[in-house]
Amino acid sequence: MNRAQFAFDAILQIERASDPGSLLNSIDRASSQFGITGFCIAGIPALDPFDALLHNWPRGWVERYLAQEYVRCDPVIRRLKRTDQPFLWSEAPYSRSDARAHRVMNEATEFQLNDGLCVPIYTNGGQAGVSFASDQIDLVQEDRAALQLIAIYAYSKARDLLRPGSAVEVEPPHLTRRELEILKHCAAGASSRKISDTLSISHETVQTHVANAARKLNASNRCAAVASALRFRLIS
Amino acid sequence: MVDFPKFEGGIMIEVLTGFRPGEHPWLEQAFKLRHQVFVEERHWEELRRPDAREIDQFDGPGAVHHLAMHRDGIVGYQRFVSTLGPHLLGDVHPHLCARPYPKGPHVWEWTRYCVAPSARGKQTAGDTASDLMAAALEWALPLGITEFVLEFNPIWINRFLDLGYAVRPLGLPQIMGGEPVVAVHMKATAATLKTTRASRRISGSALSASARASLTPSRRSIGALS
């Protein structure tokens, strides 16, 4: 991958986003190329609370993070305030005796957020951060550099599109029960022919459901639709 | 370690061009400030010189120097070099570019931006820092200079976006001498000038009267700026 060119293209997509939903899609598409499954853009005002501008993290995790005020003991936030370079969550140090810090890092893994890349953002209005997370992070230096550029423009655009203080959680696309059912079969490797036999519907009907699901998920083919549905946790 | 004057307010940005090293006393102060900041503080050892003046091959008479002058001496500095001639990004650090950038009379390279330790910090609300930003545009726009190329820590991109610039990265950030650096191409407009000026605490021009006068023979053009 020509990472520089990829980053340039991703930035162009981000700058063209006209609403939070398309911005989220652009960031998601770009970061998924690096094995990232979710991101979170947040401001860190001088006083709490933590201001999540835009993210596609599991709602349960964000709710718990806010309710438990994890921003106060999160080693990633601590490191974020002291550096200007991107770092991995696994590179944010904390002592084993710091039970709260340990709890934050552990609980994130319950939501398959096992590791992440955190990009510090500095603006004239204060500090912010963009985290890219996944169940497994494997990034070379150039990947980190590309993600840093993507994060910089993602933050700027998110600020443009959103009022501060209004966290926006974009709803995953709404698929019908039938569309989800068929995608599950696709994920299991079944062909359209096999699915039509299994569900006793016509081959054309299966194709139509797949095409509709793909369109709603902003995916260009069946494979991408399955990947997208898995990422949004619509199917498992 | 050179002792620099304590900040007390009353900073004006002077513009010097057409001088070689050794030909102007203010320029000598600038070279010493550059040595203190870039060599002593930032450890850019390759720039170290035994006479403690930081001077490179782009400090010829064509270079434009902005000096933030307090009555006791220099407290801030930045330099502009035309992209039509030799410049840092094109000649020394081309590896920072994954795509080309325009060169022309309207595109200048902006380098060596620095503020003396005495003029930094919250108590001054970063005045000298913001003054230099405003001075860059107040000097550039009347001369038809609307684009810049720069190399800096990627964290500066959001700051320039906030000041109203269109910022385009020219390559991926890379680690150079232990520091992250990215090359960018920026475009400024009159709206950028407005936003940049609004970010300063003081209204009015950041340039000294003589600096403003040297920009254009037409008084009307100067009036249009403010």
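Refer to the structure presented above.
Remember, predicted model here, so these are calculated numbers, not experimental data.

Engineer: Would you take a moment to explain the pairing of strand β1 (residues 38–44) of chain A for this structure?
Structural biologist: Each regular strand displays side chains that alternate between the two surfaces of the sheet. All names here are of chain A. Burial analysis of β1 places seven of its seven residues in the buried class, which makes it a mostly covered element. Residues Gly38, Cys40, Ala42 and Ile44 of β1 are buried on one face, and the alternating residues Phe39, Ile41 and Gly43, pointing to the opposite face, are buried as well. With seven bridges connecting them, β1 and strand β5 (residues 126–134) associate as antiparallel partners. Among the inter-strand pairings, Ala42 is bridged to a residue of β5, identified as Gly129.

Engineer: Where do I start with the packing of helix α1 (residues 3–16) of chain A against helix α2 (residues 20–32) of chain A in this structure?
Structural biologist: Each pair of packed helices can be summarised by the angle the axes make with each other and by the distance between the axes. Residue and element names in this part refer to chain A. Between α1 and α2, whose axes approach to 9 Å, the crossing angle comes to 170 degrees. Here α1 is positioned roughly antiparallel relative to α2, judged by the angle of their axes. Along its contact with α1, which presents Phe6, Ala10, Gln13 and Ile14, the element α2 presents Leu23, Ser26, Ile27, Arg29 and Ala30. Partitioning the contact of α1 with α2 into residue classes produces six nonpolar, two polar and one charged.

Engineer: Help me understand the environment of Phe160(B), please; the structure alone is not making it clear to me.
Structural biologist: All names here are of chain B. Tracing the chain through its elements places Phe160 in helix α4 (residues 156–162). With 43 residues separating them along the chain, Phe160 and Pro117 place their C-alpha atoms 22 Å apart. Those residues within four positions of Phe160 in sequence are excluded, and the remaining contacts are Trp110, Met133, Leu150, Phe152, Tyr165, Val167 and Met186.

Engineer: Just to check I follow, could you spell out the environment of Leu230(A) for this structure?
Structural biologist: Along the chain, Leu230(A) falls in helix α10 (residues 222–231). Leu230(A) sits 79 residues away from Ala151(A) along the chain, and the two C-alpha atoms are 23 Å apart.

Engineer: Please clarify how the side chain of Glu14(B) should be interpreted in this entry.
Structural biologist: Residues and elements named next belong to chain B. By the secondary structure assignment, Glu14 is in strand β1 (residues 12–17). Notably, Glu14 is buried but unbridged: the nearest opposite-charge side chain belongs to Arg212, and the N-O separation is 9.3 Å. Looking at Glu14, its side chain comes within polar contact range of the side chain of Ser208, at 2.7 Å.

Engineer: Sorry if this is basic, but what is going on with the packing of aromatic side chains here?
Structural biologist: The description of an aromatic ring pair rests on the distance of the ring centres and on the angle between the ring planes. Residues and elements named next belong to chain B. Counting across every chain of the model gives 17 aromatic pairs over all chains. Ring geometry for Phe80 against Phe148: centres 5.9 Å apart, planes inclined by 50 degrees, an arrangement best described as tilted. Separated by 68 residues along the polypeptide, Phe80 in strand β3 (residues 73–82) and Phe148 in strand β5 (residues 147–152) bring together distant segments of the chain. Just as Phe80 is buried, Phe148 falls in that class too. An angle of 35 degrees between the planes, with centres 5.9 Å apart, marks the rings of Trp156 and Phe160 as tilted. Here Phe160 and Trp156 lie together in helix α4, a separation of four residues that amounts to about one turn. Residue classification places Trp156 among the partly exposed residues on the basis of a relative accessible area of 23%. What links up through ring pairs into an aromatic cluster is the set Phe80, Trp108, Trp110, Tyr113, Trp139, Phe148, Phe152, Trp156, Phe160 and Tyr165. Above the plane of the ring of Tyr101 lies Lys103, whose end atom (NZ or CZ) is 4.1 Å from the centre. Positioned above the aromatic ring of Trp156 is the side chain of Arg159, whose terminal nitrogen or guanidinium carbon lies 4.7 Å from the ring centre.

Reading the values: rules and limits
Residues numbered from 1 in each chain as written. Chains lettered and ligands numbered in written order. Predicted model: local features only at pLDDT ≥ 70, side-chain atom pairs only at ≥ 80, totals over all residues. Heavy atoms only, no water. Buried < 20%, exposed > 50% of the residue type's maximum accessible area, 1.4 Å probe, protein only. Helix = DSSP H or I, 4+ residues; strand = E, 2+ residues; numbered from the N terminus. Pairing = 2+ DSSP bridges. Axes fitted to C-alpha atoms, helices over the stretch in contact; angles between N-to-C directions. Parallel < 35°, antiparallel > 145°, perpendicular 65-115°, else oblique. Contact = heavy atoms within 4.5 Å. Nonpolar A, V, L, I, M, F, W, Y, C, P; charged D, E, K, R; others polar. Lys, Arg positive; Asp, Glu negative; His and termini not counted. Salt bridge = Lys/Arg side-chain N within 4 Å of Asp/Glu carboxyl O. Polar contact = N/O pair within 3.5 Å; in protein donor to acceptor, adjacent residues only side chain to side chain. Phe/Tyr/Trp six-rings, centres within 6.5 Å; stacked < 30°, edge-to-face > 60°. Lys NZ or Arg CZ within 6 Å of the ring centre and 35° of its normal.

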